[in-house]
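# Report on the structure
Take a look at the letters that make up each chain.
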Amino acid sequence: MTADVMDPSTNPDPSDAGMDQTTGAGKPLAANEILGMRERIDEIDQALIDLWLERSRLSQAVGKTRMASGGTRLVLAREREIVDRFRAALGPDGTQVALLLLRSGRGPL
Ligand SMILES: C=C(O[C@@H]1C=C(C(=O)O)C=C[C@H]1O)C(=O)O
């Protein structure tokens, strides 16, 4: 599925004549289309970053509240539910995303 980035037939060098340097497109119309889609990609990335940071702050607050009440730092059953949800939605990469997300809130295990 994934094109080999080192293979010039599937991933030519954008410094080749006629290629747009910024987008890597071979034709100006495609370059414009790509720039439009990149605007939305940048918005989505910013929303993901904002949500990531908000989630991390909430997770830290939950941990502090629980420990101040004499409870545990972690609740592994809840973490398992979250990892399962991400894996069900995104496949094996979802597992990795969930583990990074959990670590960013409660710190390393
Ligand atoms: C935030 C919590 O505390 C910890 C962090 C979790 C998370 O980031 O989702 C989940 C379980 C706990 O280990 C929680 O219990 O909800």
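Below, the structure is looked at part by part. (Residues numbered from 1 in each chain as written. Predicted model: local features only at pLDDT ≥ 70, side-chain atom pairs only at ≥ 80, totals over all residues. Heavy atoms only, no water.)

### Looking at helix H2 (residues 76–90)
In an α-helix, one turn spans 3.6 residues; hence positions three or four apart end up facing the same way. Compared with the 21 Å implied by 1.5 Å per residue over 15 residues, the 21 Å span of H2 between its first and last C-alpha is a close match. Within H2, the full set of buried residues consists of Glu79, Ile82 and Val83. Within H2, the buried residues cover an arc of 95° as seen down the axis, which keeps them to one side. For H2, exposure combined with an orientation more than 90 degrees from the buried face picks out Arg80, Ala88 and Ala89. One or two residues past the end of H2 sits glycine 91, with phi positive at roughly 80°. (Helix = DSSP H or I, 4+ residues; strand = E, 2+ residues; numbered from the N terminus. Expected span 1.5 Å × (residues − 1). Buried < 20%, exposed > 50% of the residue type's maximum accessible area, 1.4 Å probe, protein only. Arc of directions from axis to C-beta.)

### Let's talk about the pattern of salt bridges
Overall, the coordinates contain four salt bridges when judged by the stated rule. Two residues, arginine 40 and glutamate 43, come together in a salt bridge whose shortest N-O distance is 2.7 Å. Separated by three residues within a single helix, arginine 40 and glutamate 43 lie in helix H1 (residues 28–68), roughly one turn from each other. What makes arginine 40 partly exposed here is its relative accessible area of 48%. The partly exposed category is assigned to glutamate 43, whose relative accessible area is 46%. A salt bridge links glutamate 81 to arginine 78; the nearest nitrogen and oxygen atoms lie 3.6 Å apart. Highlighted residues: glutamate 81 and arginine 78, both in helix H2, separated by three residues, approximately one helical turn. Given the relative accessible area of 47%, glutamate 81 is considered partly exposed. Under the relative-accessibility criterion, arginine 78 is labelled partly exposed at 44%. (Salt bridge = Lys/Arg side-chain N within 4 Å of Asp/Glu carboxyl O.)

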